[in-house]
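Fold and contact review
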Amino acid sequence: MTKKRIYVAGHHGMVGSAICRILEKQKNVELVVRTHAELDLTSQEEVKAFFTTERIDQVYLAAAKVGGIYANNTYPAEFIYQNLMIECNIIHCAHQSGIHKLLFLGSSCIYPKQAEQPMKETALLTGMLESTNEPYAIAKIAGIKLCESYNRQYGHDYRSVMPTNLYGVNDNFHPDNSHVIPALMRRFHEAMVNNQPEVVVWGTGTPMREFLYVDDMAEASVHVMELDEKIYQENTQPMISHINVGTGEDCTIREMAETMAAVVGYTGQIIFDSSKPDGTPRKLMDVNRLRNLGWQYRYNLHDGLKLTYDWYLSNLNTIRG
């Protein structure tokens, strides 16, 4: 049996590692991965050499520079430059190597700050972006349009999926450069261990957010990638080809923090610092396109947080630095 050689860019990341766990179970797949030390994805020369020497059949483009509000505000140049370079190099070199199938992973931040809720795929490019992560969002929008442009001009099958806020196993728990769930999980855990009377959460606690466990995102990615090409094309449009991935349900940051405290076992007070930015008022994905294609999420917020916290406790020595 001839195996499909599938390259997963970003296999050490949260989403990339989850995709690898799924693909490793498929007997007809041979995974191809490279660490950053082995392959600098921001180097066109290195990426071109990689695709020239490796016989790759499919690509999952899960590599990206990611972070929360603080990181996006502090390092906007790095966020737009590195993400643009990664996706440009991989998509163009995949094309040059004759690779027909590729899946690009984006982000829900591609949508306008005041987009009608829930956000449909057609909301793309209809308004101003959230200023705190605009550089990152611009890079992700460019990735979608790269895929669509190579499809239109060269007849490729490059697809894009836009996940809502993700969390889970192998997340980044850095106190400054992580997203809201891992940052709060670490904060609640350390407050519990140190018997601290309160935990401070950025913002007012009123913004609405949708959260998706990473294993669900990985399963949705493989599901979309393996759809028959005709079915994919019938359910998308050439210039609105991306697919939202989420639960279709949201909660306030306050509700998420209270769920987090319950999972961790923290019984102190939760304080909301309204002097800190809230970000986008609401971010809820319209996931009807994906549901119509036969996919539905499995893990609710409590269960996903429990799995994440169990992993966090098992890996404290490696993730606390």
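In this report, the structure presented in the accompanying data block is examined. (Residues numbered from 1 in each chain as written. Predicted model: local features only at pLDDT ≥ 70, side-chain atom pairs only at ≥ 80, totals over all residues. Heavy atoms only, no water.)

What to know about the sheet that holds strand β11 (residues 251–252)
Reading across from one edge, β11-β8-β13 is the order of the three strands in this open sheet, with mixed pairing throughout. With one partner strand each, in any of the chains shown, β11 and β13 (282–283) form the two edges of the open sheet. Of the pairings in the sheet, the one linking strand β8 (residues 208–209) to β11 comprises two bridges and is antiparallel in character. Directly across from M208, in β11, lies its bridge partner T252. (Pairing = 2+ DSSP bridges. Helix = DSSP H or I, 4+ residues; strand = E, 2+ residues; numbered from the N terminus.)

Focus: the sheet that holds strand β5 (residues 157–163)
Taken in spatial order, the six strands make up an open sheet running β2-β1-β3-β4-β5-β10, and their pairing is parallel. Looking at strand neighbours, the two that pair on one side only are β2 (29–32) and β10 (243–245), the edges of this open sheet. Here the average twist between neighbouring strands, direction ignored, is 20°. Sheet topology note: the strand β1 (residues 4–9)/strand β3 (residues 58–61) ladder contains four bridges and is parallel. If you follow I6 over to β3, its bridge partner there is Q58. Set on the sheet, helix α4 (residues 76–96) makes contact with β1, β3, β4 (101–105) and β5; between it and β3 the angle comes to about 170°. Along the sheet, helix α7 (residues 214–225) makes contact with β3, β4, β5 and β10, crossing β4 at roughly 150°. (Axes fitted to C-alpha atoms, helices over the stretch in contact; angles between N-to-C directions. Contact = heavy atoms within 4.5 Å.)

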